[in-house]
Amino acid sequence: MPREDRRQENRRDERPRRITFRLFYDHGVGLGALLTAALDVGRLPADRPWEEQAVRDLLIGRRPSAAVSVMEGPRGCAYWCGLGASAPVVVRAWRYFLQFSLFPQETAVFLPVPTPGARRWIRAERAWRRRPEGADLAAREAIRYVQFWHQAHLSVWPD
Amino acid sequence: MFSSGIRLIYPSGPTEAGLRVVYYCYGSAHSSIVCAAIHLGRLKEERPSARDIIRLADFDATDTWSIGTLFFKGVDDLGYPVYTLGLGPRRHRALQSVASLLTVPGFGGSPILFAEALPQIGWLARLGGAMSRRYGQVSFGRSLSARAIARHCADLRRFVRTVREAERRAAIDAPTPVLS
């Protein structure tokens, strides 16, 4: 390997490691947070359009929750949940409780995922929450607003 | 145990010895403050007056923006730290989110005993609290809330006794104090 390439390789090794604990949350029921977490761990592609079937498969069997849920994929694991209007209160409390844990504060990030305010998005979230068939509508709407999840994923950095 | 407003959460992963007690309510300004004061022996009188309650340094002292902040109040006679926490209007849902974080694999730490203080005071005390903290009627709201809480002090003492009992039971599994 030429000397310059080796230097670049070494520089790459010096880069800080990936944040170990990533928790995505939204102000809704958690659908946006789930999609962003799936993008983050590689369950949904970052470099090509999403297929409705893949999103539907991801949503089936998962329920919206205020409790923290795990999402595992080829790039590790991330966490997601929907906090509704309690989001600012819960995130502040999380930081305090993190102080008691073995996770150092700097290795954990709580990432807000913006959700569309459109009525059809809210209807899709509600459908997903209420019945398993709601995953169809939720998958369609998730693809319509795909830029939201990519944008949120761009902001994975320590707060 | 949750029906009584008391919930013991064991964090996932390596558990440390000790225990933490957290009284929670709406804004961490009134009911949780008085419960923590009773727990820590700062309100010794059997029937405290409204003035005794107002004299507590942290009574009616938090602001709305600090809801979600965990306040350290002291260490009890068993050696366990006591905290207060405000969780806002949707406190059950918020507690579910907070508790679920503790169960993330590898979180670790010592068990946490959550005790909901708000139902122990009457509607008049809540009204006084809201008048003071939310609507800015501090002097009227504070004294109304303190007087109403003083009237419910027997209920608060009973509740704190239940929490202490749960704490002692939990301490059997966690014999070493966190702070001493």
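Everything here concerns the structure above.
Residues numbered from 1 in each chain as written. Chains lettered and ligands numbered in written order. Predicted model: local features only at pLDDT ≥ 70, side-chain atom pairs only at ≥ 80, totals over all residues. Heavy atoms only, no water.

Student: Go over the environment of Pro114 of chain A, please, and point to the residues and values.
Tutor: All names here are of chain A. You can see Pro114 is positioned in the loop between β4 (108-113) and α5 (119-130). Sequence separation of Pro114 and Leu102 is 12 residues, and the distance between their C-alpha atoms is 29 Å. If we ignore the near neighbours within four places in the chain, the residues touching Pro114 are Phe148, Trp149 and Ala152. (Helix = DSSP H or I, 4+ residues; strand = E, 2+ residues; numbered from the N terminus. Contact = heavy atoms within 4.5 Å.)

Student: Tell me about unusual backbone geometry, and name the residues and values.
Tutor: Most peptide bonds take the trans form, and the phi angle of most residues other than glycine is negative. All names here are of chain B. Not every positive phi belongs to a glycine, and Ser28 is a case in point at roughly 60°. Within the secondary structure, Ser28 sits in the loop between β2 (20-25) and α1 (31-39). Non-glycine residue Asp60 carries a positive phi angle of around 55°. Following the sequence through the fold, Asp60 ends up in the loop between α2 (50-55) and β3 (70-75). Residue classification places Asp60 among the buried positions, given a relative accessible area of 1%. (Buried < 20%, exposed > 50% of the residue type's maximum accessible area, 1.4 Å probe, protein only.)

Student: I'd like to hear about the nonpolar core, residue by residue, with values.
Tutor: The biggest cluster of nonpolar side chains holds 37 residues, and the ones touching the most others in it are Phe21, Leu23, Tyr25, Trp94, Phe97 and Phe110 of chain A together with Phe114 of chain B. Of all the elements in the fold, those that place two or more residues in this core are β1 (21-26), β3 (76-82), α4 (87-98) and β4 of chain A together with β2, β4 (81-86), α3 (91-102) and β5 (112-116) of chain B. Counting residues per element, this core draws most heavily on α4 of chain A, which supplies 8 residues. Among all residues touching Trp94 of chain A, those that are not within four sequence positions of it are Leu23, Tyr25, Val68, Cys81, Leu83 and Phe110 of chain A together with Ser97, Val98 and Leu101 of chain B. In this structure, Cys25, Ile38, Ala150 and Ala166 of chain B belong to the second largest nonpolar core, which totals 33 residues. (Core = buried A, V, L, I, M, F, W, Y, C linked by side-chain atoms within 4.5 Å.)

Student: Lay out the packing of aromatic side chains in plain terms, naming residues and giving numbers.
Tutor: This model, assessed by the stated rule, comprises 17 aromatic pairs over all chains. Relative to Phe107 of chain B, the ring of Phe103 of chain A lies with its centre 6.0 Å away and its plane at 80°, an arrangement referred to as edge-to-face. Here Phe103 of chain A, found in the loop between α4 and β4, pairs with Phe107 of chain B, found in the loop between α3 and β5, and the two come from separate chains. On the accessibility criterion, Phe103 of chain A (18% relative accessible area) is buried. Judged by relative accessible area, which is 1%, Phe107 of chain B ranks as buried. Linked through ring pairs, Phe21, Tyr25, Tyr79, Trp94, Phe103 and Phe110 of chain A together with Phe107 of chain B together constitute an aromatic cluster. The residue whose ring lies beneath Arg20 of chain B is Phe100 of chain A, and the NZ or CZ to ring-centre distance is 3.9 Å. (Phe/Tyr/Trp six-rings, centres within 6.5 Å; stacked < 30°, edge-to-face > 60°. Lys NZ or Arg CZ within 6 Å of the ring centre and 35° of its normal.)

Student: An account of the pattern of salt bridges is needed here, citing residue identities and associated values.
Tutor: Residues and elements named next belong to chain A. All chains considered together, the criterion is met by 17 salt bridges over all chains. Two residues, Arg56 and Asp136, come together in a salt bridge whose shortest N-O distance is 2.8 Å. Of this pair, Arg56 sits in helix α3 (residues 52-59) while Asp136 sits in helix α6 (residues 134-144), and the two are 80 residues apart along the sequence. Across the pair Glu141 and Arg120 runs a salt bridge whose closest N-O atoms are separated by 3.3 Å. In this pair, Glu141 is assigned in helix α6 and Arg120 in helix α5, connecting sequence segments 21 residues apart. Residue classification places Glu141 among the buried positions, given a relative accessible area of 3%. With a relative accessible area of 38%, Arg120 lands in the partly exposed category. (Salt bridge = Lys/Arg side-chain N within 4 Å of Asp/Glu carboxyl O.)

Student: Describe the interface of chain A and chain B, with residues and values.
Tutor: Tallying the contact residues gives 26 residues for chain A and 31 residues for chain B. Of all residues in chain A, Phe97, Phe100 and Leu102 of chain A bury the most surface against chain B, accounting for 30% of the area lost on that side. Every element with two or more residues in the side of chain A that touches chain B is listed here: β1, β3 and α4 of chain A. The element best represented in the side of chain A that touches chain B is α4 of chain A, accounting for 8 residues. Among the residues making up the side of chain A that touches chain B, the classes are represented as 19 nonpolar, 6 polar and 1 charged. (Buried area = accessible area lost by both parts, 1.4 Å probe. Nonpolar A, V, L, I, M, F, W, Y, C, P; charged D, E, K, R; others polar.)

Student: Which residues make up helix α5 (residues 138-151) of chain B, and what values do they have?
Tutor: Taking 1.5 Å as the rise per residue, α5 of chain B with 14 residues should run 20 Å; its terminal C-alpha atoms sit 20 Å apart, in good agreement. By the burial criterion, the buried members of α5 of chain B are Gly141, Leu144, Ser145, Ala146, Ala148, Ile149 and Ala150 of chain B. (Expected span 1.5 Å × (residues − 1).)

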